[in-house]
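# Geometric and topological summary
Given next are the chains, with one letter for each unit.
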Amino acid sequence: SQQGEEDPQALSIQEGENATMNCSYKTSINNLQWYRQNSGRGLVHLILIRSNEREKHSGRLRVTLDTSKKSSSLLITASRAADTASYFCAPGAGNNRKLIWGLGTSLAVNP
Amino acid sequence: DTAVSQTPKYLVTQMGNDKSIKCEQNLGHDTMYWYKQDSKKFLKIMFSYNNKELIINETVPNRFSPKSPDKAHLNLHINSLELGDSAVYFCASSLAESTEAFFGQGTRLTVV
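Notes on the structure in this doc start here. (Residues numbered from 1 in each chain as written. Chains lettered and ligands numbered in written order. Predicted model: local features only at pLDDT ≥ 70, side-chain atom pairs only at ≥ 80, totals over all residues. Heavy atoms only, no water.)

### Section: the environment of Met46 of chain B
So the rule is basically this: Secondary structure counts use DSSP, requiring at least four H or I residues in a row for a helix and at least two E residues in a row for a strand, with both numbered from the N terminus.
Inspection of the secondary structure puts Met46 of chain B in strand β5 (residues 43–49). The spatial distance from the C-alpha of Met46 of chain B to the C-alpha of Ala92 of chain B is 11 Å, given a sequence separation of 46 residues.

### As for the nonpolar core
Filter applied, for reference: Note on terminology: a nonpolar core comprises buried Ala, Val, Leu, Ile, Met, Phe, Trp, Tyr and Cys residues joined through side-chain atoms within 4.5 Å. Residue burial is assigned from relative accessible area. The probe radius is 1.4 Å, only protein chains are included, and a residue is buried under 20% of its type maximum, exposed over 50%, and partly exposed in between. It only takes one pair of heavy atoms within 4.5 Å for two residues to be counted as in contact.
In terms of nonpolar packing, the biggest core is built from 21 residues, with Leu32, Trp34, Leu74, Ile76, Tyr87 and Leu107 of chain A touching the most fellow members. Elements represented by at least two residues in this core include exactly β3 (19–24), β4 (31–37), β5 (43–50), β7 (61–66), β8 (71–76), β9 (85–92) and β11 (105–110) of chain A. The residues contacting Leu107 of chain A, other than those within four sequence positions of it, are Leu11, Ile13, Ala19, Met21, Ile76, Asp83, Thr84, Ala85 and Tyr87 of chain A. Grouped together as the second largest cluster of nonpolar side chains are 19 residues, Trp34, Val60, Ala87 and Cys91 of chain B included.

### Describing the pairing of strand β9 (residues 87–94) of chain B
Residues and elements named next belong to chain B. Filter applied, for reference: A pair of strands is treated as paired once DSSP finds two or more bridges between them.
For β9, a buried count of 8 out of 8 residues is recorded, marking the element as mostly surrounded by other parts of the structure. A two-sided burial pattern is seen for β9, the buried positions comprising Ala87, Tyr89, Cys91 and Ser93 on one face and Val88, Phe90, Ala92 and Ser94 on the other. Pairing geometry for strand β4 (residues 31–37) and β9, over 7 bridges, is antiparallel. Bridging from a neighbouring strand, Tyr33 pairs with Ala92 of β9. Taken together, the 3 bridges between β9 and strand β11 (residues 107–111) define a ladder with antiparallel strand orientation. Bridged to Tyr89 within β11 is Thr107. Summarising the sheet, β9 and strand β10 (residues 101–103) pair through 3 bridges and their orientation is antiparallel.

### Concerning the sheet that holds strand β6 (residues 55–58) of chain A
Sheet strands pair via backbone hydrogen bonds, and the direction of the pair is either parallel or antiparallel. All names here are of chain A. How we decide: Angles shown run from 0 to 180 degrees and are taken between the N-to-C directions of axes, each axis being a line fitted to C-alpha atoms and, for helices, limited to the stretch in contact.
Reading across the sheet, the 5 strands line up as β1-β3-β8-β7-β6 and stay open at both edges, with antiparallel pairing between neighbours. Two strands in the sheet have a free side with no partner beyond their single neighbour: β1 (5–7) and β6. When the angles between neighbouring strand axes are averaged without regard to direction, this sheet yields 20 degrees. Note that β1 and β3 share 3 bridges and pair antiparallel. In the strand pairing of β3, Asp7 is matched with Asn22.

This is the structure in structure tokens:
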């Protein structure tokens, strides 16, 4: 299965600090996506990185991908209280078999 | 305009009942999904469906069945509801395989 496993499971930081979350997966992928879920809401797509890319930026987000280690990281810089949410990675294969996403990383940004 | 909408938002029902959750997307996407998120926040795909292929997660009981009247709708029908079916169910859609998925706001199902 294309399971993404996020690490750490929980992260608590102060506003203004950077937050780093990691994701590991087991099989070959053609891209990897990161999503955010606010409490009680649906998931929102943040960023997609293709398997031939090593790094991608979007605003305060920076994603890296290391296909040799089957891992990815999501860095949120200058965090804000509004970044408090759970973050999930979704490894994607050609047949879209994102079967199990994992528990995500629960990020708490304290004002 | 809401991209992916699902109804109802909350559903409380008794064991043994049959219920449906509706999902509609106005994005023109070809692929739609149903996910289940349990109380531990574990998110698992149940079905992936486009007009060509239905992919079923083999761990999903056959009491669950997707029904697609047209490309913009994928409803989830559940027979003989059990306590363990209590969870939040999310509908999602994407343009193609492995592209960005858009999620609905979820349906919180409580079986009593």
